[in-house]
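One letter stands for each residue in the lines below.
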Protein chains: 2
Amino acid sequence: MKLYDYVLSPSCYKIRLLAALVGVELTLRPVDFHPGGEHRGPELLALNPAGAIPILEDDDVLLTESSAMLVYIASRAAPEWLGDGSAREGARIQQWLSFSHRLTATLGSARLHEMLLRPGDIRGLQSAGKQALRELEAALTEQRLSDVEFLVCDHPTIADIACFPYVALAPDGGISLEPYPSIRLWQRAIRALQHFIEMPGIHRLHELRPAPVRPEQGA
Amino acid sequence: MKLYDYVLSPSCYKIRLLAALVGVELTLRPVDFHPGGEHRGPELLALNPAGAIPILEDDDVLLTESSAMLVYIASRAAPEWLGDGSAREGARIQQWLSFSHRLTATLGSARLHEMLLRPGDIRGLQSAGKQALRELEAALTEQRLSDVEFLVCDHPTIADIACFPYVALAPDGGISLEPYPSIRLWQRAIRALQHFIEMPGIHRLHELRPAPVRPEQGA
């Protein structure tokens, strides 16, 4: 599978992260995503007229929505990441995939405003982002009452991967995660998963340990 | 299943439409969704802190995202509306569920601006809505080259239901569907489905026939 990728994009990271966790090898094609970059050029626009990345290609399958890529990779390599096949779990996973659009539109837009000075009503974005975080916190707190660490069931699903990156990067948009203890515990559980990979701003769980002699790649 | 419903909401209509098409009986609970209405009152906010409808309740399942409700109803009553179970079709359906969020944010917001005078950059919304329609038109035109009438395969899926209402109501937001012949043929195919139901602004395929003596309920 070939992923058109930008290292600072949380949506691209969702795909890299799930692929790493389930052992799918991606061929990365880095895209210059700065304003005026090649994502608005003819090669990329032919693949995605919306001018956005990630884009995933696999034989004749071409996907331009990150949630669809998560479904595709999990279906191919790790169906347990799609739930247990019941209507109930399927619908709950879909609930969080839809919710992740709100995270992108609020936390993600606040981040772009703060990092790239993209125009926008930053107070309104932060306020809507905090509302989404309160809903996520309430859902995760309820899960914890049943000793469940993840959003839908007792193991991670694509729902967790869809929501994790924009939440983890909320501080880039000026939104502290301090008021949300269940969210912070949930993030620890994801960051502790075997084969977890990092992106700039999102670190493995080992970050607080004293660093040994620094290895070449992560640790 | 109990649906908290508002007759003019295209998202609520998605749920009523799929339920009708697959023969699921819904108990409708009409909600006063006008500004200052009860969707911001304590009963509804307890079910959905985002203050939005539709809301679907079924035993201990509570869903507040229309795409999740489509998955739930199809899983329960008509799994063929979820595709053939392959990674490819599952991902393509998800692609259109995600795309439907763009339709809501563009065509839907333009409609609210025009109908309810909700503030917004109407030119920007219309322009982004037309871009989404061009992408939909291109995809449907490619499907028609393979003699396929629907978005994902040769029968309708929840992808069609997720995208249909906001497209059909685009003219309410000042966006004509005249430039999109494949979209218009696709809409005819959906409106011709057995057990199709209407909402204000979206009619059955028989609308152009001379009306007989007017029956009590639709016709």
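Residues numbered from 1 in each chain as written. Chains lettered and ligands numbered in written order. Predicted model: local features only at pLDDT ≥ 70, side-chain atom pairs only at ≥ 80, totals over all residues.

## Some words on the interface of chain B and chain A
Taken together, the contacts link 22 residues of chain B with 22 residues of chain A. Breaking the side of chain B that touches chain A down by element, the ones donating at least two residues are strand S4 (61-63), helix H3 (66-77), helix H4 (87-116) and helix H5 (122-145) of chain B. Of the residues forming the side of chain B that touches chain A, the biggest block, nine residues, is contributed by H4(B). Here the side of chain B that touches chain A is built from residues that sort into 10 nonpolar, seven polar and five charged. (Contact = placed C-beta atoms within 7 Å. Helix = DSSP H or I, 4+ residues; strand = E, 2+ residues; numbered from the N terminus. Nonpolar A, V, L, I, M, F, W, Y, C, P; charged D, E, K, R; others polar.)

## What about helix H1 (residues 10-22) of chain B?
Residue and element names in this part refer to chain B. Counted at 1.5 Å a residue, the expected span for H1 with its 13 residues is 18 Å, and the 18 Å between its end C-alpha atoms agrees. Counting buried positions along H1 gives 11 out of 13 residues, so the element sits mostly inside the fold. Of the residues making up H1, those classed as buried are Pro10, Ser11, Cys12, Tyr13, Lys14, Ile15, Arg16, Leu17, Leu18, Ala19 and Leu21. Following H1 by one or two positions, glycine 23 adopts a phi angle in the positive range, close to 80°. (Expected span 1.5 Å × (residues − 1). Buried ≥ 20, exposed ≤ 12 C-beta atoms within 10 Å, placed from the backbone.)

## Concerning the domain arrangement of chain A
All names here are of chain A. According to the domain assignment, chain A consists of domain 1 (2-80) and domain 2 (81-191). With centres defined by C-alpha atoms, the gap from domain 1 to domain 2 works out at 20 Å. Each side of the interface is counted separately: domain 1 has 14 residues, and domain 2 has 12 residues. It is helix H1 (residues 10-22) that provides the largest number of residues to the side of domain 1 that touches domain 2, a total of six residues. Residues that form the side of domain 1 that touches domain 2 fall into these classes: 10 nonpolar, two polar and two charged. (Domains from an automatic or database assignment.)

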